[in-house]
Amino acid sequence: MNKTVCLLLLVNLKIFFCDGLDPCCADPCQNRGVCVSKGSDSYECDCTRTGFYDQNCTTPELSTWIASMLKPNPNTVHYILTHYKWIWDIINNISFLRDAIMRYVLTSRSNLVDSPPIYNADYGYKSWEAFSNLSYYTRTLPPLPKHCSTDTGARTLPDAKLVVEKVLLRRRFIPDPQDTSLMFAFFAQHFTHQFFKSDMKKGPAFTKALGHGVDLSHVYGDTLERQHKLRLFKDGKLKYQVVDGELYPPLVREVQAEMHYPPHVPEEHRFAVGHEAFGLVPGLMMYATIWLREHNRVCDVLKQEHPDWDDEHLFQTTRLILIGETIKIVIEDYVQHLSGYHFKLKFDPQLLFSEKFQYQNRIASEFNTLYHWHPLLPDAFQVQEKMYTYPQFFFNNSIVMEHGISNLVESFTKQRAGRISGGRNLPPAVQGMAIKVLEQNRETRYQSFNAYRKRFNMRPYRSFEDMTGDKELAAELESLYGDVDSVEFYTGLLVEKPRSGAVFGETMVEMGAPYSLKGLLGNPICSPQYWMPSTFGGTVGFEIVNSASLKKLVCLNVKGPCPMVSFKVPDIKVHSLTNVNLSSTSSINSGISPTVLLKERTSEL
């Protein structure tokens, strides 16, 4: 009996064994049971603490069965949270009810993320290496074993370029029904680059972001050497230049901090900031400038409060304050917008002080892949009355200087981002990146999209139309993959049908929320040992953290009146960008090589 036939029998019947084939390759253990092979003719499933038992961990314990009967499915919960506004308005104003719901949200989501971590790309079983080697991204599901066949008899995986062209590439711009703005899109890109820093010299399984969380290394640099190049070493501040009465980042030639700029960028526009790739687009440099100004502003506040503190004390405390501000803005502005919930999310670390919670985090490779939100990007970028195509926008800090931070903020607030899930909304300019993501996921042997849905307690899709809700898209997927269980993780995330009126599909939310909330609340500043006024320089610094918001961050750091600033496009008429010629936005036509655009994954969102 050949191996393909054996594997099919194992998958479907779980009782046949074949010489030379690991029975665990058929994934016989369900519901997070761990398979342990015992030669080529036997295996056992470890069902410990899964809530299931029997040979393959498929029979629920009584408590598990009762819980499954009572627990609503994720889409029902989402519907309740995004409807009945009058009820949520009442709950939001009753402190103990709001706190209780927020505590449940945090614990139920965070418990879905393994802590301590279990796997990485080279270890699909528990090992000290998988736990201790911080140079790896961790893995939520173990990689497909190298000795197991990835062909279940239907077909091998389709060409990555063909997948992108057939089901991911944009035909026409599909706006996000939640009215997400480009201000949100650039925040997502800027925020996540502090912990999504793949070390491509070692391979896609490795990260250079040793902090594995919110450490603001994208503001201060990821090494002490880089940090020192960016610091003024006076009053705790970062180096800067003043243009028209406003602070901007210093130039590379002045601080000698490495940045990734193509040769054509003039020296006077080569700004130096914490992340070496943030010169890629003006949206990133806009946020880098805002946080630079905020750091130096907070230093002034602390200096007035503590005139006896030295430079180092001022710098280190200001960094902790900005980390706190970031987490509050992410939860109460950023995640709040993404969720679409009428329930008002709350950043209050004390909600978890009575719970079992580990204040540590490891960035998962799957979280890194999940966050490729390039469909948010428009066909072109409008700043005030000017329209910029991708070639004009890439590596062009002159836009920052010409328009100024205030005008950039207002322009990006007014421009609508694209819908992420639902397929066929990936801008042509970044199609090379999408191909690379698929190739890297195959190199690191990701399990299927349906496997991840099961891991996060979602029903696996039964058909392509079940997955997409679109007959034409479903037909294209079937011609590519043949079997719905063969659809890859990244492909599935982008083609999955979006929830009603939402930017995302179910899987993106049900997977992304646990990673996000565990990473945010697992930060050391949220622990009982840190979360107190003295950590932040006293009540004044603590108040800066507790009152932080996107609007306040911008308004305190621009010259003149505060611009319109929101993660949601306001209800005003804006210019339509649907008729921009897409051919001019391709990275091939931009004169910038795809290698440059992909370097350090600078284009990832």
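Q: Tell me about the packing of helix 13 (residues 311–339) against helix 22 (residues 506–521), and please be specific about residues and values.
A: Close contact between helix 13 and helix 22 brings their axes to 10 Å; oriented N to C, the two are set at 150°. Taken together, the axes of helix 13 and helix 22 are roughly antiparallel relative to one another. Helix 22 is crossed by helix 13, and the crossing has left-handed handedness. The segment helix 13 lies against helix 22, with Ile327, Val330, Ile331 and Val335 engaging Ser516, Leu520 and Leu521.

Q: Outline the confidence of the model for the protein, supporting the account with residue identities and numerical values.
A: Chain-level statistics for the protein give a pLDDT mean of 90 and a share of 90% at 70 or above. For the stretch residues 1–5, pLDDT sits under 50, and the model shows 7 contacts to residues farther than four places along the chain or on other chains. Predicted confidence is poor over residues 574–605, with pLDDT under 50, and the contacts of this stretch with residues over four places away or in other chains come to 77 contacts.

Q: Residue-level account of the packing of aromatic side chains, with values.
A: Scanning the entire structure with this criterion turns up 41 aromatic pairs. Seen in terms of ring centroids, Phe184 and Trp373 are 6.4 Å apart; in terms of plane orientation they differ by 10°. Their pairing is stacked. In this pair, Phe184 is assigned in helix 8 (residues 182–192) and Trp373 in the loop between helix 14 (365–370) and strand 7 (381–383), connecting sequence segments 189 residues apart. Here Phe184 and Phe567 contribute two aromatic rings whose centre-to-centre distance is 5.5 Å and whose plane-to-plane angle is 90°, an arrangement assigned as edge-to-face. Taken together, the residues span a long stretch of sequence, with Phe184 in helix 8 and Phe567 in the loop between helix 24 (550–555) and helix 25 (594–598) at a distance of 383 residues. Overall, the relative accessible area of 4% leaves Phe567 in the buried class. Its end group placed over the ring of Tyr248, Arg293 keeps NZ or CZ at 5.0 Å from the ring centre. Looking at Arg455, its charged tip hangs above the ring of Phe456, at a distance of 4.9 Å from the centre.

Thresholds, definitions, all that
The numbers attached to residues start from 1 for each chain and follow its sequence in the written order. The predicted nature of this model means local features are confined to residues of pLDDT at least 70 and side-chain atom pairs, given and counted, to a pLDDT of 80 or more, with totals for whole chains, interfaces and linings taken over all residues. Excluding hydrogens and water, the side-chain figures rest on all heavy atoms present in the structure. Angles shown run from 0 to 180 degrees and are taken between the N-to-C directions of axes, each axis being a line fitted to C-alpha atoms and, for helices, limited to the stretch in contact. Counting from the N terminus, the helices are the DSSP runs of H or I reaching at least four residues and the strands are the DSSP runs of E reaching at least two. Comment on the angle field: the value is read as roughly parallel under 35 degrees, roughly antiparallel over 145, roughly perpendicular from 65 to 115, and oblique elsewhere. By convention, the crossing between two helices is left-handed when the near helix turns anticlockwise from the far helix through less than a right angle, and right-handed when the turn is clockwise. Residue contacts are counted whenever heavy atoms from the two residues lie within 4.5 Å of one another. Residue-level confidence of the predictor, termed pLDDT, takes values from 0 up to 100. Classification of ring pairs rests on two measures: the distance between centres of Phe, Tyr or Trp rings, Trp counted by its six-membered ring, which must be within 6.5 Å, and the angle between planes, read as stacked under 30 degrees, edge-to-face over 60 and tilted in between. Using a 1.4 Å probe on the protein chains alone, a residue whose accessible area is under 20% of its type maximum counts as buried, one over 50% counts as exposed, and one in between counts as partly exposed. In our convention, an over-ring charge means Lys NZ or Arg CZ found within 6 Å of a ring centre and within 35 degrees of that ring's normal.

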